[in-house]
Amino acid sequence: LRLREGRRMKHGRHFRKLGKDASHRWAMIRTMVTQLIEHERIQTTVAKAKELRRVADRVVTFAKEGSLRARRKAAAVVRTDAAVNKLFTELADRYKERPGGFTRVLQIGQRKSDSAAMAYIEYVDRDGELRPARPATGFGLSWAAKEYVNSQLASKKRHGDVRAVLSPAADAAAKAAAEPPKEEK
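Bear in mind that the values here come from a model prediction, so they are computed numbers and not experimental data.

*Asks:* Would you mind showing me how to read the overall build of the chain here?
*Replies:* Secondary structure assignment for the chain yields 6 helices and 3 strands. The secondary structure elements of the chain, listed N-terminal to C-terminal, are α-β-α-α-α-β-β-α-α. Residues classed as buried in the chain amount to 30% of the 185 residues present. Of the contacts made within the chain by residues no fewer than 6 positions apart, 56% connect residues no fewer than 24 positions apart. Carbon and sulfur atoms provide 51% of the accessible area of the chain, an area that totals close to 12,800 Å².

Structure below.
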C-alpha cells in the first residue's frame, strides 16, 4: 500500500537499525550472542540489548529442541563451536522446563562519554545473577491458575520456601535435599 508519492507504510519495520547497515548489524548481533553464551552476562547499550534478546532467546529455543536441524540453525548464528556445545548442553538443560524469557535486560545508567543508556543483558536462573527471576504469578494465567499460584505462594511463604513454587523440579530438589542421605550396606 502506498500513502502519497512513493511513501510506504511502516508495517513490519519494527526492528532497530542501530546506525548500521544490515550486514554489519547481523555480524554485531552474532558476535554479541556468542559472547553472551560464553560469559552469560554482557554490558551494552539498551537498544542493542533489546535487539540481542530476540536472537539470544531464539538460539536457546533451538538448543531446547535439540535436533540436528536446530543445531545447524543455531550454528548459523553462533560463531564458535565451543559456544554451540555450551548452548546445547548446559543452557538447554538449565532451561528445559522454562517456556521462554531466558534473558533479562537490566538498565544501569548512562555512559559517561556520550550519555548512551547502558544495560546488562544476562541469562536468568544462573549462579551470580544480578537479580533473581520473578515468580510466575499472573503472566498469561487464567483466574483459576492465578488463585492456585497465589495460594501456593502463600503456603510456601509461611514455610519460608518461595522458589519451590516455580517448578515441580524445584519441589523435588527441595525434598531430596531435606531427606538424609541413605547409607548403602
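*Asks:* Help me understand the packing of aromatic side chains, please; the structure alone is not making it clear to me.
*Replies:* Evaluated as defined, the whole model comprises 2 aromatic pairs. Aromatic pair Tyr95 and Phe102: ring centres 5.2 Å apart, planes at 50 degrees, arrangement tilted. Of the two residues examined, Tyr95 and Phe102, each falls in the buried class. Here Tyr95 and Tyr123 contribute two aromatic rings whose centre-to-centre distance is 6.2 Å and whose plane-to-plane angle is 40 degrees, an arrangement assigned as tilted.

*Asks:* Would you mind going over the sheet that holds strand 1 (residues 41-45) with me for this structure?
*Replies:* Note: strands within a sheet are paired through backbone hydrogen bonds, in either parallel or antiparallel orientation. Taken together, the 3 strands give an open sheet; going across it, the order is 1-3-2, and neighbouring strands pair in antiparallel fashion. At either margin of the open sheet sits one strand with a lone partner, and together these are strand 1 and strand 2 (103-110). Looking at each pair of strands side by side, their axes are set apart by 25 degrees on average, direction ignored. Contacts between helix 1 (residues 22-39) and the sheet are confined to strand 1, strand 2 and strand 3 (117-123), with strand 1 contributing the most and set at about 145 degrees to the helix.

*Asks:* How do you make sense of unusual backbone geometry when you look at a structure like this?
*Replies:* Note: most residues except glycine have negative phi, and most peptide bonds are trans. Although it is not a glycine, Glu40 sits at a positive phi angle of roughly 65 degrees. Secondary-structure assignment places Glu40 in the loop between helix 1 and strand 1. Using a relative accessible area of 8% as the deciding quantity, one classes Glu40 as buried. A positive phi angle, near 55 degrees, is found at Asp125, a position not held by glycine. As for its position among the elements, Asp125 is in the loop between strand 3 and helix 5 (143-159). Here Asp125 falls in the partly exposed class, since its relative accessible area comes to 28%.

*Asks:* Hey, could you run me through the confidence of the model for the chain in this one?
*Replies:* Where the model shows low pLDDT, its predicted coordinates should not be examined in detail. Chain-level pLDDT for the chain is 80 on average; 72% of the residues reach the 70-or-more range. At the level of individual helices and strands, the chain shows its lowest average pLDDT in helix 6 (residues 168-178), which scores 57, and its highest in helix 3 (residues 68-75), which scores 96.

*Asks:* Can you help me understand the nonpolar core in this one?
*Replies:* The nonpolar side chains of soluble globular proteins are, as a tendency, buried together. By size, the foremost hydrophobic cluster in this structure holds 31 residues, and its most contacted members are Val33, Ile37, Leu87 and Tyr123. Only helix 1, helix 2 (46-65), helix 3, helix 4 (81-94) and strand 3 provide two or more residues apiece to this core. For this core, the element with the highest residue contribution is helix 2, accounting for 8 residues. Residues in contact with Leu87, not counting those within four places in the same chain, are Ile37, Val59, Val60, Ala63, Ala74, Val78 and Ala92.

*Asks:* Please explain the pattern of salt bridges as it appears in this structure.
*Replies:* Side chains that carry opposite charge are capable of pairing whenever their charged atoms lie near each other. Considering all chains together, one arrives at 11 salt bridges under this definition. A salt bridge links Glu90 to Arg94, with the nearest nitrogen and oxygen atoms 3.1 Å apart. Here Glu90 pairs with Arg94, and both are found in helix 4, just 4 residues apart, close to one helical turn. Taking relative accessible area as the criterion, Glu90 reaches 37% and is therefore assigned partly exposed. In this structure Arg94 comes out as partly exposed when scored by relative accessible area, which is 24%.

Cut-offs and rules
- Residues numbered from 1 in each chain as written.
- Predicted model: local features only at pLDDT ≥ 70, side-chain atom pairs only at ≥ 80, totals over all residues.
- Heavy atoms only, no water.
- Helix = DSSP H or I, 4+ residues; strand = E, 2+ residues; numbered from the N terminus.
- Buried < 20%, exposed > 50% of the residue type's maximum accessible area, 1.4 Å probe, protein only.
- Contact = heavy atoms within 4.5 Å.
- Areas by Shrake-Rupley, 256 points an atom, 1.4 Å probe, with all protein chains shown as cover.
- Phe/Tyr/Trp six-rings, centres within 6.5 Å; stacked < 30°, edge-to-face > 60°.
- Pairing = 2+ DSSP bridges.
- Axes fitted to C-alpha atoms, helices over the stretch in contact; angles between N-to-C directions.
- pLDDT = per-residue confidence, 0-100.
- Core = buried A, V, L, I, M, F, W, Y, C linked by side-chain atoms within 4.5 Å.
- Salt bridge = Lys/Arg side-chain N within 4 Å of Asp/Glu carboxyl O.

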